[in-house]
Number of protein chains: 2
Amino acid sequence: MTISEVSKKYNLTADTIRYYEKEGLIPKVPRDKNGIRDFDEGSCGWIEFIKCMRSAGLEIETLKQYVSLFRQGTATVKERKILLIEQREKLLKKQEDIKATLDRLNYKIEKYEEIEKGKLKDFTEKP
Amino acid sequence: MTISEVSKKYNLTADTIRYYEKEGLIPKVPRDKNGIRDFDEGSCGWIEFIKCMRSAGLEIETLKQYVSLFRQGTATVKERKILLIEQREKLLKKQEDIKATLDRLNYKIEKYEEIEKGKLKDFTEKP
DNA sequence: ATAGTACTTAGAGTCAGCTCTAAGTCAATA
DNA sequence: TATTGACTTAGAGCTGACTCTAAGTACTAT
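The following refers to the structure shown.

The rules behind each value
Residues numbered from 1 in each chain as written. Chains lettered and ligands numbered in written order. Predicted model: local features only at pLDDT ≥ 70, side-chain atom pairs only at ≥ 80, totals over all residues. Heavy atoms only, no water. Near = heavy atom within 4 Å. Polar contact = N/O pair within 3.5 Å; in protein donor to acceptor, adjacent residues only side chain to side chain. Helix = DSSP H or I, 4+ residues; strand = E, 2+ residues; numbered from the N terminus. Nonpolar A, V, L, I, M, F, W, Y, C, P; charged D, E, K, R; others polar. Salt bridge = Lys/Arg side-chain N within 4 Å of Asp/Glu carboxyl O. Buried < 20%, exposed > 50% of the residue type's maximum accessible area, 1.4 Å probe, protein only. Least-squares fit on C-alpha atoms with pLDDT ≥ 70 in both. Contact = heavy atoms within 4.5 Å.

**Considerations on the protein's contact with DNA strand D**
Here's step 1: Around DNA strand D lies a shell of 18 residues, among which Asn34(A), Arg54(A), Ser4(B), Arg18(B) and Arg37(B) are the nearest.
Here's step 2: In the interface set of DNA strand D, defined as its atoms within 4 Å of the protein, sugar plus phosphate atoms amount to 77%.
Here's step 3: Interatomic distance of 2.9 Å between a side-chain N/O atom of Ser4(B) and a phosphate oxygen of DNA strand D.
Here's step 4: The separation between a phosphate oxygen of DNA strand D and a polar side-chain atom of Arg31(B) is 3.2 Å.
Here's step 5: At the level of secondary structure, the elements contributing two or more residues to the surface near DNA strand D comprise α2 (14-23) of chain A together with α1 (3-10) and α2 (14-23) of chain B.
Here's step 6: Counting residues per element, the surface near DNA strand D draws most heavily on α2(A), at 4 residues.
Here's step 7: Considering only residue class, the surface near DNA strand D consists of 5 nonpolar, 5 polar and 8 charged.

Right, here's the structure in full:
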């Protein structure tokens, strides 16, 4: 698979994929005799994984570290687990922030609806 | 309330608060005779609101727009509602991304636990 | 064989969102 | 009165995560 095919498949720019490889977020991608990347299943799996993690906001630096541990083999299982647990904590925190904000947005949207329907003519405006 | 008090209260740096005011994320803060900011309840309310929205990832530009509409009065209620609904959509999408990533992290953490306990000695490693 | 297209690299540029610096004002304390 | 410390400003600098540029190579189609 060429980079442009992978780019379409995962909806990432070729630049981003090259950047991820350069930074070590994904292991080195195999090349053909001309030095052109030829993505196999393994490479695609990594890209899919990184895309998922990035979509939730995990940092490049963290993912780089994870890949690095991964490549050092089973001896790093414990460390990897710790890293993933840390990231889970962060995501749980983020989830709560989003939940709180969604509650607030819902409340405000409802209020605005009431104003539009004329139910709340003298709404005291607050942020 | 001085900027440093507000800074402590909301755990934001004074620089960030000044930046928010300069950018128009919060309405102009009242000043004393020496030009020093004296935050009232209104200002604090805005800061709290912006902090909540930012914690969920709403963009500066979007919040700036919201504040601008807000300051134009009740004529902009409809537009404000549309803006907030858009942001709610974005947050719901983000929530899903995080949920998917959390599922994946939980699965991997569990696998790593099994390896540690010796249940899974020949774990085929994949990202 | 010439043009077009897809790839390659190193490195520069961009953007959001702060964060810091420098130079200055003012009020309170030693 | 001198200094300390909290504030002020404009604007420069930083970080993370891309995104783009320039210059070059290789295969394909006319």
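**A few points about the pattern of salt bridges**
Here's step 1: Tallied over the entire structure, the rule returns 20 salt bridges over all chains.
Here's step 2: Residue Glu48(A) is joined to Arg104(B) by a salt bridge in which the shortest nitrogen-to-oxygen separation is 2.9 Å. Residue Glu48(A) is found in helix α3 (residues 41-55), and its partner Arg104(B) is found in helix α5 (residues 77-116); the two belong to separate chains.
Here's step 3: For Glu48(A), a relative accessible area of 31% gives the class partly exposed.
Here's step 4: Taking the shortest distance from any N to any O, the salt bridge between Glu116(B) and Lys81(A) comes out at 2.9 Å. Here Lys81(A) lies in helix α5 (residues 77-116) and Glu116(B) lies in helix α5, a pairing that spans two chains.
Here's step 5: The partly exposed category is assigned to Glu116(B), whose relative accessible area is 38%.
Here's step 6: Assessed through its relative accessible area of 13%, Lys81(A) is described here as buried.
Here's step 7: Bridged by salt links that share partners, the residues Glu21(A), Arg31(A) and Arg37(A) form one connected network.

**What to know about the protein's contact with DNA strand C**
Here's step 1: Residues in close proximity to DNA strand C total 18 residues, the closest being Ser4(A), Arg18(A), Arg37(A), Arg54(B) and Ile60(B).
Here's step 2: Backbone atoms, meaning sugar and phosphate, form 77% of the atoms of DNA strand C found within 4 Å of the protein.
Here's step 3: In this structure, Arg18(A) approaches DNA strand C through a side-chain N or O atom, which is 2.8 Å from a phosphate oxygen.
Here's step 4: The contact in question runs from a phosphate oxygen of DNA strand C to an N or O atom on the backbone of Ile60(B), over 3.2 Å.
Here's step 5: At the level of secondary structure, the elements contributing two or more residues to the surface near DNA strand C comprise α1 (3-10) and α2 of chain A together with α2 of chain B.
Here's step 6: Take the surface near DNA strand C: its biggest share by element is 4 residues, from α2(B).

**Section: the relation of the copies chain B and chain A**
Two copies of the chain are present, and they differ by a rotation about an axis and a shift along that axis.
Here's step 1: In the superposition of chain B on chain A (RMSD 0.1 Å, axial shift 0.0 Å), the rotation amounts to 180°. Taken together, the turn and the small shift mark the pair as related by a two-fold rotation axis. Closest to the rotation axis within chain B is the C-alpha of Gln95(B), separated from it by 3.3 Å.
Here's step 2: The residues that chain B uses at the interface reappear at the interface of chain A in 100% of cases, marking a shared surface.

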